[in-house]
Amino acid sequence: MATAVTLPVPISQVAGRYFLYNADVVTFIRREHHITGVLIGNLPQAPQQNIFSGIPSELMPEEVRLLVEKKVAYVIEDAARHRNAFRNMSGSERMAVLAAFDKQGREAARKAQNKASKRQEEALKRKGMTAAPKVRNDSRASASSEAGVDEDEILFASPANSFPTPTLASTASQASVSVNESKPFGITPAMSYPALSPPTPPSESWPTSIPEAPPSYPLFKYLHDKGYFLSPGLRFGAQYMAYPGDPLRFHSHFLAVGKEWEEEWELGELVGGGRLGTGVKKGFLVGGTATDSVSKDSNTNEGLGDQGVRAFCVEWSGM
Amino acid sequence: MALSRASGPAARLSPPPSALSETMKTAEDNCHEPYLHHLAQRVAHNLQYQHQWTAISIHTNSPLADSHLLPRPIISGLPPQRIYVHPDEQIELLKDESKRKAESTASKPEGPVPEREWVLPAHLKEKWSLKSFAAIFDEIGTVPRDPDDQKQDRDDISQSVGTSTINKWRTIKRVMLATVDDDGTIVYYIVHDGIVKPRQN
């Protein structure tokens, strides 16, 4: 199904945030390592889009740290790498890359053109007409209908090449159409290699730098090791939401909050979390690393994990 | 009437203590701070008269073998109906019920048997930490023992826990956290000692 992923995978660090740009890597990490990240990519033409976002996938620092500790991934400083790599690029290499983009753009433009003309033919056939050789120039109706049904094309093509709106089409149709046939689409690649050579993982001294993660990392790792999928918990005012399987298939079980072992918090927090959790058929889970770990029945204790993490679940009692 | 009361001795001016204050005054345990003891008394009172719990007892020492002094008094009691049904047990119960319906026997469906519960009294303004919850859980057993059973031989106790039969789903310790506020409100939340999947009410 997906193409093979070479391990370890690079995680791009941009302005202190972590991203995955490769769709194969995103699916691989999700399938094999139960890490979903959050897809945040939008189309420039639809800046208000807030569902069905695409790549890149943004990872929490906890997720990055877990992957690096498992030696599945490593972090690269994206800005520095690009600056260096493009500065050291020779002129001929640059030309080759631009030519490749141009070729890709031409290919895309040709495919879009073919699709459009096929659609036009079908529309004419439905109306009982035959496609005249110069139908593009005289059939204004078909041109406007084409632009009307072709919203996908408008959405995904670059603005310079997309079909103008019907009103524009009626005024300046021939000119824009003829330009359209020759001009290649602008290509915005999701990844910067093949333009650059693929990043190479740091070899022997790796992993030297484990990325920083919040103090709740032990709880994150503990729940992750138990097979839970974790996502940011802002939606329910918690730190994480714990899903018993892939979030696409399951509702979450817990609203999780990490605490220090001796950190003191008001009971109101626990009551509020417990009540909210019960209201949405979830448990409120609070946990952290037991720093003293002197509990005498630690062997039999279900709540005590390998890293000495202890967690408590809160539910409303119903009375 | 009013006149005669007003003309009485000065000591009579303060109203007689309420039944609750009388309860609070009785039996301070001398091993915990009085406010902790009063808190436990108050929760016990609420359980008995508002929620119809029975066989309530206040524990000052750990029920485990070494009988440590508990961090604070803890209550155990028997609710009128089951407080917590594990989701897997719920599934089992539903299966049984549909089976009974299929066999069309007119027998009344019996709910789950009530079980003794631990109740941990606390005040809303208190600060708690993971450590303090762990300290409580480390000192209690999974199921509180019935005080009537304690009078029997020790051997019997090890075989049957309380009056109810052993519940195979009750494997993780739990307490009911009774949070008291100044206005007299007491809310009860179940706290599990570990990860327990939520109920699907």
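The shown structure was predicted, so the numbers you read here are calculated from the model rather than taken from an experiment.

What to know about the overall build of chain A
Okay, step 1: The secondary structure content of chain A amounts to ten helices and eleven strands.
Okay, step 2: By residue count, 40% of the 319 residues in chain A fall in the buried class.
Okay, step 3: Taking all contacts inside chain A whose residues are at least 6 apart in sequence as the whole, residues at least 24 apart take part in 61%.
Okay, step 4: Carbon together with sulfur atoms contributes 56% to the accessible area of chain A, which is approximately 18100 Å² in total.

Some details on the UniProt feature "domain: TSEN34 N-terminal" (unreviewed entry) in chain A
Okay, step 1: If you check UniProt for "domain: TSEN34 N-terminal" (unreviewed entry), the listed places come out as residues 9-78 of chain A in our numbering.
Okay, step 2: Taken end to end, residues 9-78 of chain A has its terminal C-alpha atoms 14 Å apart, with 30% of it in helix and 36% in strand.

Examining helix α5 (residues 130-137) of chain B
At 3.6 residues per turn, the α-helix brings residues three or four places apart onto the same side.
Okay, step 1: Taken together, the buried positions of α5 of chain B are occupied by Leu130, Phe133, Ala134, Ile136 and Phe137 of chain B. Looking straight down α5 of chain B, one finds its buried side chains confined to an arc of 160°; they lie on one side.

Focus on the interface of chain B and chain A
Okay, step 1: Between chain B and chain A, the residue contacts involve 40 residues of the former and 44 residues of the latter.
Okay, step 2: Both faces considered, chain B and chain A share a buried interface measuring about 3600 Å² in area, 61% of it formed by carbon and sulfur atoms.
Okay, step 3: It is Leu130, Tyr189 and Ile195 of chain B that lose the most area in chain B upon contact with chain A, and together they represent 23% of the buried surface on that side.
Okay, step 4: Our count for the chain B to chain A interface comes out at five salt bridges.
Okay, step 5: Arg199 of chain B is the partner of Glu315 of chain A in a salt bridge, and the nearest nitrogen-oxygen pair spans 3.1 Å.
Okay, step 6: Across the chain B-chain A interface, the total number found is 13 residue pairs in polar contact (both at pLDDT 80 or more).
Okay, step 7: The set of elements that each furnish at least two residues to the side of chain B that touches chain A consists of β3 (117-123), β4 (127-128), α5, β5 (174-180) and β6 (186-192) of chain B.
Okay, step 8: Ranked by residue count, the leading element in the side of chain B that touches chain A is β6 of chain B, at six residues.

Thoughts on the confidence of the model for chain A
Okay, step 1: Per-residue confidence for chain A gives a mean pLDDT of 78; residues scoring 70 or more make up 75%.
Okay, step 2: Throughout residues 135-150 of chain A the model reports pLDDT below 50, and contacts reaching past four residues in sequence, or to other chains, amount to 20 contacts.

A short note on unusual backbone geometry
The bulk of non-glycine residues show a negative phi, and the bulk of peptide bonds are trans.
Residue and element names in this part refer to chain A.
Okay, step 1: Cis rather than trans, the peptide bond between Ile55 and Pro56 has omega equal to 10°.
Okay, step 2: Along the chain, the position of Pro56 falls in strand β4 (residues 54-59).
Okay, step 3: Its identity as a non-glycine residue notwithstanding, Ala15 has a phi of 50°, on the positive side.
Okay, step 4: Note that Ala15 resides in the loop between β1 (9-14) and β2 (17-20).
Okay, step 5: Residue class for Ala15 comes out exposed when judged on its relative accessible area of 75%.

A look at the packing of helix α2 (residues 61-69) of chain A against helix α9 (residues 217-225) of chain A
Two packed helices can be described by the angle between their axes and the distance between those axes.
Residue and element names in this part refer to chain A.
Okay, step 1: Two elements in contact, α2 and α9, have axes whose closest approach is 10 Å; the angle formed by their N-to-C orientations is 65°. For the element pair α2 and α9, the recorded crossing hand is right-handed. Across from Glu62, Glu63, Arg65, Leu66 and Glu69 in α2, the residues of α9 making contact are Tyr217, Phe220, Lys221 and His224.
Okay, step 2: A class-by-class count of the residues in the contact of α2 with α9 yields three nonpolar, one polar and five charged.

Remarks on the domain arrangement of chain A
All names here are of chain A.
Okay, step 1: Parsing chain A into structural domains produces domain 1 (1-89 + 198-208), domain 2 (93-181) and domain 3 (214-319).
Okay, step 2: For the domain 1 and domain 3 pair, buried surface summed over both sides reaches about 1200 Å², with 67% attributable to carbon and sulfur atoms.
Okay, step 3: Residue Asp246 is joined to Arg30 by a salt bridge in which the shortest nitrogen-to-oxygen separation is 2.8 Å.
Okay, step 4: Secondary structure elements with two or more residues in the side of domain 1 that touches domain 3: α1 (23-33) and α2.
Okay, step 5: Here the side of domain 1 that touches domain 3 gets six residues from one element, more than from any other, and that element is α2.
Okay, step 6: In terms of residue class, the side of domain 1 that touches domain 3 is made up of five nonpolar, three polar and six charged.

The rules behind these values
- Residues numbered from 1 in each chain as written.
- Chains lettered and ligands numbered in written order.
- Predicted model: local features only at pLDDT ≥ 70, side-chain atom pairs only at ≥ 80, totals over all residues.
- Heavy atoms only, no water.
- Helix = DSSP H or I, 4+ residues; strand = E, 2+ residues; numbered from the N terminus.
- Buried < 20%, exposed > 50% of the residue type's maximum accessible area, 1.4 Å probe, protein only.
- Contact = heavy atoms within 4.5 Å.
- Areas by Shrake-Rupley, 256 points an atom, 1.4 Å probe, with all protein chains shown as cover.
- UniProt positions renumbered as here; feature names shortened; annotations may be inferred.
- Arc of directions from axis to C-beta.
- Buried area = accessible area lost by both parts, 1.4 Å probe.
- Salt bridge = Lys/Arg side-chain N within 4 Å of Asp/Glu carboxyl O.
- Polar contact = N/O pair within 3.5 Å; in protein donor to acceptor, adjacent residues only side chain to side chain.
- pLDDT = per-residue confidence, 0-100.
- Axes fitted to C-alpha atoms, helices over the stretch in contact; angles between N-to-C directions.
- Left-handed = near helix turned anticlockwise from the far one by under 90°.
- Nonpolar A, V, L, I, M, F, W, Y, C, P; charged D, E, K, R; others polar.
- Domains from an automatic or database assignment.

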